[in-house]
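What the coordinates show
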Amino acid sequence: MIEQQQRLVLSPYMEIYELVIPKDNLLRQIKELVDFSFIYDGLLDKYCLNNGRNAVPPIRMFKYLLLKSIYDLSDADVVERSKYDMSFKYFLDMAPEDKVINPSSLTKFRKLRLKDMNLLDMLIAKTVRIALDKGIIKSKSIIVDATHTKSRYNQKTPRQALQEQSKKLRRAIYEIDETMKEQLPDKNTEDSLEKELEYCKELISVIKGKERLCGYPKVQEKINLLEESVSDDMEHLETSKDGDAKTGHKTADTSFFGYKTHIAMTEERIITAATVTSGEKTDGRELPALVRKSRDAGIEVETVIGDKAYSDKKNIEAAKDGGYELIARLNSVITQGKRSKEDEFEFNKDAGMYQCRAGHLAIRKYHDKRRKEKKNKNPRMIYFFDVEKCKCCPYREGCYKEGAKKKTYSETLVCDAHSGQAEFQETEYFKEKMKERYKIEAKNSELKHRHGYDVASSSGLNGMEMQGAMAVFAVNLKRIIKLIREK
């Protein structure tokens, strides 16, 4: 059961907060800036209103998750810190003497209450409205880019993922007391997930029995992370390493296994829209959605700034139809001419190669200039794919002919296409606007290095979207507070 309204916190110790939490404390500033009642309204239909025990207030549960994102903590660590950190308790609307929740409640809250909420769009829209109300956003331009996040298991089997975390825990123990090597259980040597889970549980049990070791923060943090891997994603560990994650390419020679978050941001560095996809998706395809979501959030979009990945023919035409200017330099390979099977083959600008819809990248390319010598024939670029991958590809029917020794995709190069965009990119206005693009690179770096967005914290696309929602909400609030202070 959930209470119909927010309960007033009455405690003789509430004055402690005024004494120990400074006015410029980040959590105090967020608490004063944001009315979190929109979380209560959005979750009301997820609770029973007239039966069962009183639930922990949903706003408090949401704030726990926000604290996790702001400070990059595990479930257990954010709850542990809430026991003694007065700024945490103040932010959570708790009295100083109140008891904290059980960390397992956060797992249930994520999976049962926040599911199907479209949290990403809701939280971004909330911060954009705050920024507009405060008069922070004045530009009518958005900058677009994509950042990649590695899967939690990063192409490792579930057993390998557990082995890596248990190894980090043992290493932390040995740094403190090397004699513990003789007291820890023997490592699992069988290629069995069940045996690895048993070993991890036994390892945790033995270490927890040593109170002296558990008193070290670095040991406790490693225990918490290993426990969270075993319990929070048990169903994923039993079935798949990460079924939604896919291989994407950063260059022709380097790849990653995970997800992409496509971001739109104003020149004031407030994120206005985001979409989360598997790692193999190309950047340019998400542009229409980012523009639409930014406008839905209340942003007036007159200019879109991006790199060459966004300068394909469809996006140039969409810009004209949508009434905004596209500040993205032409890439002669992806913008010139008409090509076949546009839905099956997409250009990966990072690798400089085409990739098929299965996410397989071409292994080499050949510029066929001989066609120039033929009448009314333009030169073309031929891309070659790995036939061995084609033979076992789930999309091979209609794409790969059985027994063929090679698989190619050709693109005709038309030299006079997109002359309007080519002229536009030589103007001073275009060049000046392009100077703003660096800002989104810094924002991607902030998400990864300060809010743990370089590696997924859970499995699946839904979990990645939730992680993205909390991380973007956190960085937007921090940016808004900074801009308010500078006004």
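If you're wondering where the values come from, they're calculated on a predicted model, not measured in any experiment.

Digging into the pattern of salt bridges
Taken as a whole, this structure holds 29 salt bridges when the rule is applied. In this structure, Lys 281 and Glu 280 form a salt bridge, with 3.6 Å as the shortest nitrogen-oxygen distance. A relative accessible area of 11% means that Glu 280 is categorised as buried. Salt bridges sharing partners connect three or more residues here, namely Glu 18, Lys 23, Arg 28 and Glu 32.

As for the sheet that holds strand E9 (residues 364-368)
If you walk across this open sheet you meet the 3 strands as E9-E10-E11, and the pairing is antiparallel. Only two strands of the sheet have a single partner each, and these edge strands are E9 and strand E11 (407-412). On average, each strand axis in the sheet is tilted by 20° relative to the strand beside it, whichever way the strands run. Of the strand pairs in this sheet, E9 and strand E10 (residues 380-385) are connected by 5 bridges, and their pairing is antiparallel. Directly across from Lys 365, in E10, lies its bridge partner Tyr 383.

Some remarks on the environment of Ile 59
Within the element layout of this structure, Ile 59 appears in helix H4 (residues 58-71). We classify Ile 59 as buried; its relative accessible area is 5%. Ile 59 sits 21 residues away from Phe 38 along the chain, and the two C-alpha atoms are 8.8 Å apart.

Description of a negative patch on the surface
Taken together, the side chains of Asp 186, Glu 194, Glu 198 and Glu 202 make up a negatively charged region of the molecular surface. If you trace the backbone, Glu 202 turns up in helix H10 (residues 193-208).

Some remarks on the side chain of Ser 69
Tracing the sequence through the fold places Ser 69 in helix H4. Dropping the residues within four chain positions of it, Ser 69 is found in contact with Arg 450, His 451, Met 470, Ala 471 and Ala 474.

A closer look at the confidence of the model for the protein
Residues with a pLDDT of 70 or more make up 87% of the protein, whose mean pLDDT is 85. By mean pLDDT, helix H13 (residues 234-239) is the weakest element of the protein at 46, and strand E5 (residues 303-305) is the strongest at 97. Note on residues 233-240: pLDDT is under 50 here. Beyond four places in sequence and across chains, it has 18 contacts.

Re the packing of aromatic side chains
Aromatic ring pairs are reported here in terms of the distance separating the ring centres and the angle at which the planes meet. A complete count under the given rule lists 14 aromatic pairs for this structure. The interplanar angle of 20° and the centroid separation of 6.5 Å between the aromatic rings of Phe 36 and Phe 38 together place this pair among those described as stacked. Exposure remark for Phe 38: the relative accessible area of 13% places this residue in the buried category. The interplanar angle of 75° and the centroid separation of 6.4 Å between the aromatic rings of Phe 36 and Phe 473 together place this pair among those described as edge-to-face. Here Phe 473 lies in helix H21 (residues 461-486) and Phe 36 lies in the loop between helix H2 (26-33) and helix H3 (37-43), a separation of 437 residues in the sequence. An aromatic cluster is present here, built from Phe 345, Phe 347, Tyr 354, Tyr 383, Phe 385 and Tyr 409 joined pairwise through their rings. One Lys or Arg, Lys 181, reaches over the ring of Tyr 174 and ends 5.1 Å from the middle of that ring. Over the ring of Phe 384 we find Arg 364; its NZ or CZ atom is 3.9 Å from the centre of that ring.

A word on the nonpolar core
In this structure, Phe 36, Phe 62, Leu 66, Leu 119, Leu 123 and Val 304 are the most contacted members of the largest nonpolar core, which totals 90 residues. Looking at which element gives the most residues to this core, the answer is H21, with 13 residues. With 19 residues, the next largest nonpolar core counts Leu 162, Leu 193, Ile 204 and Leu 213 among its residues.

Basis of the calculations
Residues take numbers from 1 onward in each chain, read along the sequence in its written order. pLDDT decides what is reported in this predicted model: residues at 70 or higher carry local features, side-chain atom pairs at 80 or more are listed and counted, and totals for whole chains, interfaces and linings draw on all residues regardless. Side-chain metrics in this entry use all non-hydrogen atoms of the structure; hydrogen atoms and water are not considered. Any Lys or Arg side-chain nitrogen located within 4 Å of an Asp or Glu carboxyl oxygen qualifies as a salt bridge. Note on exposure labels: buried denotes an accessible area under 20% of the residue type's maximum, exposed denotes more than 50%, and partly exposed covers the range between, all computed with a 1.4 Å probe on protein chains only. In this description, strands pair whenever DSSP reports at least two bridges between them. Here a strand is any run of E in DSSP of at least two residues, a helix any run of H or I of at least four, and the numbering for each starts at the N terminus. The angle between two axes is taken between their N-to-C directions and runs from 0 to 180 degrees, where each axis is a line fitted to C-alpha atoms and a helix contributes only its stretch in contact. Only residues whose relative accessible area exceeds 30% and that form no salt bridge are eligible for patches; like-charged ones are grouped when within 9 Å, while nonpolar side chains (Val, Leu, Ile, Met, Phe, Trp, Tyr) are grouped when within 5 Å. What sets the accessible areas is the Shrake-Rupley method with a 1.4 Å probe; for residues, cover comes only from the shown protein chains. Positive charge is attributed to Lys and Arg, negative charge to Asp and Glu, and no charge count is given to His or to the chain ends. Note on charges: their place is set at NZ of Lys, CZ of Arg, CG of Asp or CD of Glu. What makes two residues a contact is simply this: any of their non-hydrogen atoms within 4.5 Å. For every residue, the predictor states its confidence as a pLDDT score lying anywhere from 0 to 100. Only Phe, Tyr and Trp rings are paired, with Trp represented by its six-membered ring, and only when their centres lie within 6.5 Å; those with planes under 30 degrees apart are stacked, over 60 edge-to-face, the remainder tilted. To sit over a ring, a charge needs its Lys NZ or Arg CZ within 6 Å of the ring centre and within 35 degrees of the ring normal. Joining through side-chain atoms within 4.5 Å is the link that ties buried Ala, Val, Leu, Ile, Met, Phe, Trp, Tyr and Cys residues into a set, and such a set is a nonpolar core.

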